[in-house]
Amino acid sequence: MRSESEVREQYEFLTEQLESEEMSHERVRMMFTHYKRALGWVLEEEHI
């Protein structure tokens, strides 16, 4: 299992990537959005 800081870093990285102009291809954006949600759920579960 990854540490919370590693998961947070990945979450922040993905957020930045999704906001980037280079990430305009819809399928890539959708994939990153799902991955970002999954990371968010992991972070939420760890704090419950």
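Not measured: the values here are computed from a predicted model.

Peer 1: What should I look at first to understand the overall build of the chain in this one?
Peer 2: Of the regular secondary structure elements, the chain holds two helices and zero strands. Here the chain, with 48 residues, has 19% of them falling under the buried criterion. The long-range share in the chain, meaning contacts at least 24 apart out of those at least 6 apart in sequence, stands at 57%.

Peer 1: Whenever I open this one, the nonpolar core confuses me. Can you help?
Peer 2: Across soluble globular proteins, nonpolar side chains have a tendency to be buried as a group. Val7, Leu14, Leu18, Phe32, Leu39 and Leu43 form the largest nonpolar core, which has six residues in total. Those elements that place two or more of their residues in this core are α1 (4-19) and α2 (26-46). Ignoring sequence-local partners within four residues, the contact set of Leu14 consists of Phe32, Tyr35, Lys36 and Leu39.

Peer 1: Would you mind going over a negative patch on the surface with me for this structure?
Peer 2: Together, Glu6, Glu9, Glu12, Glu16 and Glu19 give the surface a local cluster of negative charge. Residue placement: Glu6 occurs in helix α1. Of the residues examined, Glu6 reaches a relative accessible area of 40% and is grouped as partly exposed.

Peer 1: What should I look at first to understand α1 in this one?
Peer 2: Note: α-helices contain 3.6 residues per turn, so residues at a spacing of three or four share the same orientation. An ideal rise of 1.5 Å per residue puts 22 Å on 16 residues; α1 measures up with 23 Å between its terminal C-alpha atoms. Where α1 is concerned, the buried positions are Val7, Leu14, Thr15 and Leu18. Burial along α1 is one-sided: seen end-on, the buried residues are contained in an arc of 105°. Of the exposed residues in α1, those oriented more than 90 degrees away from the buried face are Glu9, Glu16 and Glu19.

Peer 1: Honestly, the environment of Met30 in this entry has me stumped. Any pointers?
Peer 2: Secondary-structure assignment places Met30 in helix α2. Using a relative accessible area of 39% as the deciding quantity, one classes Met30 as partly exposed. Along the primary structure Met30 and Leu18 are separated by twelve residues, whereas in three dimensions their C-alpha atoms are 9.3 Å apart.

Reading the values: the criteria
- Residues numbered from 1 in each chain as written.
- Predicted model: local features only at pLDDT ≥ 70, side-chain atom pairs only at ≥ 80, totals over all residues.
- Heavy atoms only, no water.
- Helix = DSSP H or I, 4+ residues; strand = E, 2+ residues; numbered from the N terminus.
- Buried < 20%, exposed > 50% of the residue type's maximum accessible area, 1.4 Å probe, protein only.
- Contact = heavy atoms within 4.5 Å.
- Core = buried A, V, L, I, M, F, W, Y, C linked by side-chain atoms within 4.5 Å.
- Patch = residues over 30% accessible without salt bridge, like charges linked within 9 Å, V, L, I, M, F, W, Y side chains within 5 Å.
- Areas by Shrake-Rupley, 256 points an atom, 1.4 Å probe, with all protein chains shown as cover.
- Salt bridge = Lys/Arg side-chain N within 4 Å of Asp/Glu carboxyl O.
- Lys, Arg positive; Asp, Glu negative; His and termini not counted.
- Charge placed at Lys NZ, Arg CZ, Asp CG, Glu CD.
- Expected span 1.5 Å × (residues − 1).
- Arc of directions from axis to C-beta.

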